[in-house]
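# Structure at a glance
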Amino acid sequence: MTLSPPGPNLCASWETLADGLQVQRLALHLTQLREQLLAPPSGIALFAQTPPSALTVRPAPLAEPPAEAVIDQAGLQHWLHMPAKYGTTDAVTNPLAASADQVADALLLGVTDPVVRAAVAAVCTASAWWTGAFAVIRHLGVHHTSLQPVGTAITLNTLQSATSIVALGTAQRILSEQLRTGSADEAVRMAYCRAITESIVIESRLPGLLDELGELRLVDLVSTSIPWRGRFTKYAGGTGAGQVE
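This report concerns the structure included in the present document.

A packed helix pair is summarised by two numbers, namely the angle formed by the two axes and the spacing between the axes. Where helix 7 (residues 97-107) meets helix 8 (residues 114-136), the closest approach of the two axes is 8 Å, and the angle between their N-to-C directions is 155°. Comparing their axes, helix 8 and helix 7 come out roughly antiparallel. Considering how the two elements wind past one another, helix 7 and helix 8 form a crossing that is right-handed. Judged by residue contacts, Ala97, Ala100, Asp101, Val103 and Ala104 of helix 7 engage Val120, Ala121, Cys124, Thr125 and Ala128 from helix 8.

This is the structure in structure tokens:
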């Protein structure tokens, strides 16, 4: 008896939807992003210590060109292409980059495959850019539950925590794809296990962090990045985000 092909993976479908939403939001708000970079608002506390242009510094190109194929296979082409196209060229370091790099270093302990290492490092570094870009236009957005303009300030520490989670989620997708294709060694398996374990540890802190972020775009970026019980709840139950955008 011929068996029917398996249906699409529901989680993967939601993940694809979330990816498209992030790209769409960035595309819709490129004009506002450029305006904030050219003339940062004086009343934003975050910008007093961190210029917007520093939060959107263009990441360095891939150290291992073959790593791009690994990233493409994981469905994360957009994750590198958008920062490469729209990142700033200031001769400074993104203050969120260290948080992303720490995630990559922790996960890659013992991994010797240079292509896998480069792919994980690249998506982690790009996570700092995505978090920074949405942080720059955060004060132009609305709260993720009330859909009212955001009136609270946000700190650099909160953004660094958000960056770590986003980096963890994208790195996990690279490692998961390597395992799925059967080309991974034991060190990569251990790296994936570390990513899953860290996701479980983070879950209890995630609701509090989302409250601190407040703004809809940042909340969606962080909340859909790692597996947890509330990952796609808002999408499954309907959301007012489309009306806002």
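With that out of the way, let us pick up the nonpolar core. In terms of nonpolar packing, the biggest core is built from 64 residues, with Val120, Ile174, Leu213 and Val222 touching the most fellow members. Once residues lying within four places of it in the same chain are set aside, the contact partners of Val222 are Ala162, Ile165, Val166, Leu206, Leu209, Leu210 and Leu213.

Attention now moves to the layout of surface pockets. Considering only enclosed or pocket space, the largest pocket measures out at about 450 Å³ in volume. If you trace the largest pocket, you find 18 residues lining it, with Ala12, Glu15, Arg173, Ser176 and Glu177 closest to the centre. For the lining of the largest pocket, the elements supplying multiple residues, two or more each, are helix 1 (10-28) and helix 9 (156-180). By residue number, the principal contributor to the lining of the largest pocket is helix 9, which donates six residues. Looking at the second largest pocket, its volume works out to about 370 Å³. In terms of lining, the second largest pocket is formed by 18 residues, of which the most central are Ala60, Pro61, Leu62, Leu80 and Ala122.

This part is about the packing of aromatic side chains. Inspection of every chain in the model, using the stated rule, returns three aromatic pairs. Measuring from centroid to centroid gives 5.7 Å for Trp129 and Trp130, while their planes differ by 85°, and the two rings are edge-to-face. A relative accessible area of 0% places Trp130 in the buried class. On the basis of an interplanar angle of 80° and a centroid distance of 6.2 Å, the ring pair of Trp130 and Phe134 is categorised as edge-to-face. Pair noted here: Trp130 and Phe134 are both in helix 8, with a separation of four residues, about one helical turn. Taken as a pair, Trp130 and Phe134 share a single burial class, namely buried. The structure contains a cluster of three or more aromatic residues connected by ring pairs, namely Trp79, Trp129, Trp130 and Phe134.

Checked against the element boundaries, Thr56 lands in the loop between helix 4 (52-55) and helix 5 (67-73). Relative accessible area serves as the criterion here: at 1%, Thr56 is assigned to the buried category. Apart from the residues lying within four places of it in its own chain, the contact partners of Thr56 are Leu33, Leu37, Gly87, Thr88, Asn94, Trp129, Gly132, Ala133 and Val136.

What follows covers the packing of helix 9 against helix 11 (residues 206-213). Between helix 9 and helix 11, whose axes approach to 10 Å, the crossing angle comes to 130°. It follows that helix 9 is oblique to helix 11 by the angle criterion. Considering only the axes of helix 9 and helix 11, their crossing is left-handed. Only Leu206, Leu209, Glu212 and Leu213 of helix 11 make contact with helix 9, whose side of the interface consists of Thr158, Leu159, Ser161, Ala162 and Ile165. Across the contact of helix 9 with helix 11, the residue classes break down as six nonpolar, two polar and one charged.

With that out of the way, let us pick up helix 10 (residues 186-203). Helical geometry: 3.6 residues make up each α-helical turn, so side chains three or four residues apart lie on a common side. Compared with an ideal rise of 1.5 Å per residue, which puts 18 residues at 26 Å, helix 10 spans 26 Å between its outermost C-alpha atoms and is within 8% of the ideal. Every buried residue of helix 10 is accounted for by Val188, Ala191, Ala195, Ser199, Ile202 and Glu203. Along the long axis of helix 10, the arc covered by the buried residues comes to 115°, so they all point the same way. Summarising the geometry of helix 10, the exposed residues directed more than 90 degrees from the buried face are Glu186 and Ile200. Lining the buried residues of helix 10 we find helix 7, helix 8, helix 9 and helix 11. Its side-chain oxygen 3.2 Å from the backbone nitrogen of Ala187, Asp185 forms the N-cap of helix 10.

A few words on the pattern of salt bridges. Pairing is possible between side chains that carry opposite charge, provided their charged atoms lie close to one another. By the definition in use, this model includes seven salt bridges. Here Arg25 makes a salt bridge to Asp220, at a shortest N to O gap of 2.8 Å. Of the two residues, Arg25 sits in helix 1 while Asp220 sits in helix 12 (residues 216-223), which places them 195 residues apart along the sequence. The exposure classification of Arg25 matches that of Asp220, with both residues buried. A salt bridge links Glu215 to Arg217; the nearest nitrogen and oxygen atoms lie 3.2 Å apart. Both residues of the pair, Glu215 and Arg217, belong to the buried class. Salt bridges sharing common partners tie together Glu15, Asp19, Arg173 and Arg231.

Cut-offs and rules
Residues numbered from 1 in each chain as written. Predicted model: local features only at pLDDT ≥ 70, side-chain atom pairs only at ≥ 80, totals over all residues. Heavy atoms only, no water. Axes fitted to C-alpha atoms, helices over the stretch in contact; angles between N-to-C directions. Helix = DSSP H or I, 4+ residues; strand = E, 2+ residues; numbered from the N terminus. Parallel < 35°, antiparallel > 145°, perpendicular 65-115°, else oblique. Left-handed = near helix turned anticlockwise from the far one by under 90°. Contact = heavy atoms within 4.5 Å. Core = buried A, V, L, I, M, F, W, Y, C linked by side-chain atoms within 4.5 Å. Buried < 20%, exposed > 50% of the residue type's maximum accessible area, 1.4 Å probe, protein only. 1 Å grid on protein atoms, 1.4 Å probe; cavity = no way out; pocket = protein on both sides within 12 Å on 5 of 7 lines; lining within 4 Å. Points joined across faces, edges and corners; volume = space filled by probe spheres on them. Phe/Tyr/Trp six-rings, centres within 6.5 Å; stacked < 30°, edge-to-face > 60°. Nonpolar A, V, L, I, M, F, W, Y, C, P; charged D, E, K, R; others polar. Expected span 1.5 Å × (residues − 1). Arc of directions from axis to C-beta. Polar contact = N/O pair within 3.5 Å; in protein donor to acceptor, adjacent residues only side chain to side chain. Salt bridge = Lys/Arg side-chain N within 4 Å of Asp/Glu carboxyl O.

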